Amino acid sequence: MGGNQSQPNATAIIGTGKGGPLDTSAGTIASRGISFTYDHAAEPALRDITLTVPAGECIVLCGASGCGKTSYTRVANGLIPSFFHGAFAGNQTTCGLDVETVPIDRLTPLVGSVFQNPKTQYFNANVTDELAFPAENIGLPAEDINRRITAVAERFGIGHLLHRSIFHLSGGQKQRIAVAAATMLGPRVVVLDEPTSNLDANAIADMRAMIEQMKDEGLTIVIAEHRLAWLNGVADRYVVFDGGHIVQDYEADEFLSPGCVAAMGLRALDLQPYRRRIAALASSPAADECTSVLLGTHNLTIGYKGKDGFTRAIPDLRFRAGEITGLMGNNGCGKTTLVRTLTGLIKPVSGRIELNGVPAKPRDLTRAGFLVMQDVNYQLFSDSVREELLIGLDETDAGITAQANQVMADLDLAAFAERHPMSLSGGQKQRVAIGSALMCGKDLIIFDEPTSGLDRYHMEQVGELLRQLASQGKAILVVTHDEELAAGWCDRIVNLGADDSGNNGSHVSNPDASSPSPNASTNFATTSTHERNAQ
């Protein structure tokens, strides 16, 4: 890190555990009486946290969005109080170092972090340069850096990604690079904040394999996570947060007992019922609905031009008023590119898009549709949550302000009405963006990963709001990897799979191909359902 601390370093870490005397041995995370309130915040983010994570243990932090999981990780890796300022109390040691008194660069070789949004921790555009950065930052010689890059690439199976542009990787590949970079200095502890929030099932399996490998090597691992199923058999302990407190600390066997997770309102531990529902939908014939078609595609091909461009043929699709369509598929298969095309943000390579049966230009699509982006940080502009919901609307209209108040209440955002959106947790930001969609009044609303970073309660809340919008005659398209959301709330599922060339769409993800096939075929299944509860 050196002397520049203007950005959190991508190789800092965090942890948690059970109460007791502080253990300062290597690889151990120990907290006693930790409380923290961010500057300008009305309420503490953490309240009297006392925990210990022994060396070599894998522990999961879980709980509702905004419960304090991320804040605790920042304490354990030293970003609180070194980077995030506020009122700090208690004693925190990580790998034997007091995080309140030691410079952050003392922790850099010992702890590695993977942040909730990997984009926030990249310092380079090239994969090899990104891996080299932590080692260069502490002044290691070139030979040592090259040796470490080779070892890390072999360790995590990312040799085919070296020298590639990070911007052209799929979401799963970006997360693998983030994990690899976090281990470049040989840390004793690794912390991951919501590492699977935007990943498909295959990428989640890759993430699990990386976690298992690090655990086998004796690293202490801390994972803050809502999606719990992929951690079965990996985690040793589960620590449940609520309102900045630790309310339960379970051994894995106790946590995985029947009824425990459901009673706490946490995400499912077994996804098989949801996957069976989705598989059944994907194998069923498409329903011939008589409802009017709001948006339709004809012989559409999407993609980009240029050196790293791609094209992809899209079978004809129909999106109807009052219907929720789920768009699923592997990371990088072209889902986001498709929705950007449908909303007029990029032009199609060929074919046409019709709006109410009439060929539509990109500007017509932009006027008709509203897109909630996968990274909502790109579309939060105002100084308060209330102002964000009222952008472009008449704030003097009592009906509009009453609607905004109701939307905030429905999304559990009323308490944050005057908070700056960028000061909220990831899940809370997601709900603000969804609130803007509820306020927009447009006929086509597209959500790109709307439940990313959300707990079970708020995931189901989003499902209810999607149903509310559909009942108002809106056409809803949901891009998602969330199998619980898709199985429980979508009327139709469009499964956009990898094409025959091995290219997964909007990013060139085939490691053996320097460019994607220009005439890739597509594997689609379109189905309907009115069942919303995967039992």
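Everything quoted here is computed from the prediction, not taken from an experiment.

Asks: So, the layout of surface pockets: which residues are in play, and what are the values?
Replies: If you add up the space inside the second largest pocket, you get close to 650 Å³. Asp200, Ala201, Arg275, His481 and Glu483 are, among the 33 residues lining the second largest pocket, the residues nearest its centre. Of all the elements in the fold, those that place two or more residues in the lining of the second largest pocket are helix H7 (201-216), helix H10 (272-282), helix H17 (483-489) and strand S20 (492-495). Ranked by residues supplied to the lining of the second largest pocket, first place goes to H10 with five residues. Grouping the amino acids of the lining of the second largest pocket by side-chain chemistry returns 16 nonpolar, nine polar and eight charged.

Asks: Give me the lowdown on the pairing of strand S1 (residues 29-38), citing residues and values where you can.
Replies: Bridging between S1 and strand S4 (residues 86-94) involves eight bridges; their strand directions are antiparallel. Among the inter-strand pairings, Phe36 is bridged to a residue of S4, identified as Phe88. Pairing analysis gives five bridges linking S1 to strand S2 (residues 46-53), with the strands arranged antiparallel. Residue pairing for S2: Ser31 is matched across the bridge by Leu51.

Asks: Can you tell me about the nonpolar core, naming the residues and giving the values?
Replies: By size, the foremost hydrophobic cluster in this structure holds 52 residues, and its most contacted members are Leu192, Ile211 and Phe255. Apart from the residues lying within four places of it in its own chain, the contact partners of Leu192 are Val114, Val179, Met207, Ile211, Ile221, Val222, Ile223 and Ala224. Of all hydrophobic cores here, the second largest spans 47 residues; its members include Leu389, Val407, Met459 and Ile476.

Asks: Talk me through the side chain of Ser197; I want residue IDs and the actual numbers.
Replies: Counting through the fold element by element, Ser197 comes out in the loop between strand S7 (189-193) and H7. Classification of Ser197 as buried rests on a relative accessible area of 5%. With residues up to four places along the chain from it excluded, the contact list for Ser197 reads Gln116, Arg227, Ser452 and Gly453.

Asks: So, the side chain of Glu57: which residues are in play, and what are the values?
Replies: Topologically, Glu57 is positioned in the loop between S2 and strand S3 (58-63). Judged by its relative accessible area of 15%, Glu57 is buried. When near neighbours in sequence (up to four residues on either side) are disregarded, Glu57 contacts Leu219, Thr220, Ile221, Asp236 and Arg237.

Asks: Any details on the pattern of salt bridges? Residues and values, ideally.
Replies: On inspection of all chains with the given rule, the structure shows 18 salt bridges. Residue Arg237 is joined to Asp249 by a salt bridge in which the shortest nitrogen-to-oxygen separation is 3.0 Å. Here Arg237 is found in strand S9 (residues 237-242), whereas its partner Asp249 is found in strand S10 (residues 245-251), with 12 residues between them in sequence. Look at the salt bridges and you will find they share partners, linking Arg267, Arg456, Glu460, Asp482 and Glu484 into a network.

Asks: If you had to explain the sheet that holds strand S5 (residues 97-98) to someone new, which residues and values would you point to?
Replies: Read across the open sheet, the four strands follow the order S2-S1-S4-S5; overall the sheet is antiparallel. The sheet is open, and its two edges are formed by S2 and S5, each paired on a single side. Helix H1 (residues 69-76) rests against S1, S2 and S4 of the sheet, and its axis sits at about 120 degrees to S1.

Asks: An account of the packing of helix H6 (residues 171-182) against H7 is needed here, citing residue identities and associated values.
Replies: H7 packs onto H6 with a crossing angle of 15 degrees between their chain directions and a minimal axis gap of 9 Å. Relative to H7, the element H6 lies roughly parallel. By crossing handedness, the relation of H6 to H7 is classed as right-handed. Residues Gly172, Gln175, Arg176, Val179 and Ala180 of H6 form the contact with H7, whose participating residues are Ala203, Asp206, Met207, Met210 and Met214. Tallied by class, residues from the contact of H6 with H7 come to six nonpolar, two polar and two charged.

Cut-off values and rules
Residues numbered from 1 in each chain as written. Predicted model: local features only at pLDDT ≥ 70, side-chain atom pairs only at ≥ 80, totals over all residues. Heavy atoms only, no water. 1 Å grid on protein atoms, 1.4 Å probe; cavity = no way out; pocket = protein on both sides within 12 Å on 5 of 7 lines; lining within 4 Å. Points joined across faces, edges and corners; volume = space filled by probe spheres on them. Helix = DSSP H or I, 4+ residues; strand = E, 2+ residues; numbered from the N terminus. Nonpolar A, V, L, I, M, F, W, Y, C, P; charged D, E, K, R; others polar. Pairing = 2+ DSSP bridges. Core = buried A, V, L, I, M, F, W, Y, C linked by side-chain atoms within 4.5 Å. Buried < 20%, exposed > 50% of the residue type's maximum accessible area, 1.4 Å probe, protein only. Contact = heavy atoms within 4.5 Å. Salt bridge = Lys/Arg side-chain N within 4 Å of Asp/Glu carboxyl O. Axes fitted to C-alpha atoms, helices over the stretch in contact; angles between N-to-C directions. Parallel < 35°, antiparallel > 145°, perpendicular 65-115°, else oblique. Left-handed = near helix turned anticlockwise from the far one by under 90°.

Keep in mind these values describe shape, not function.
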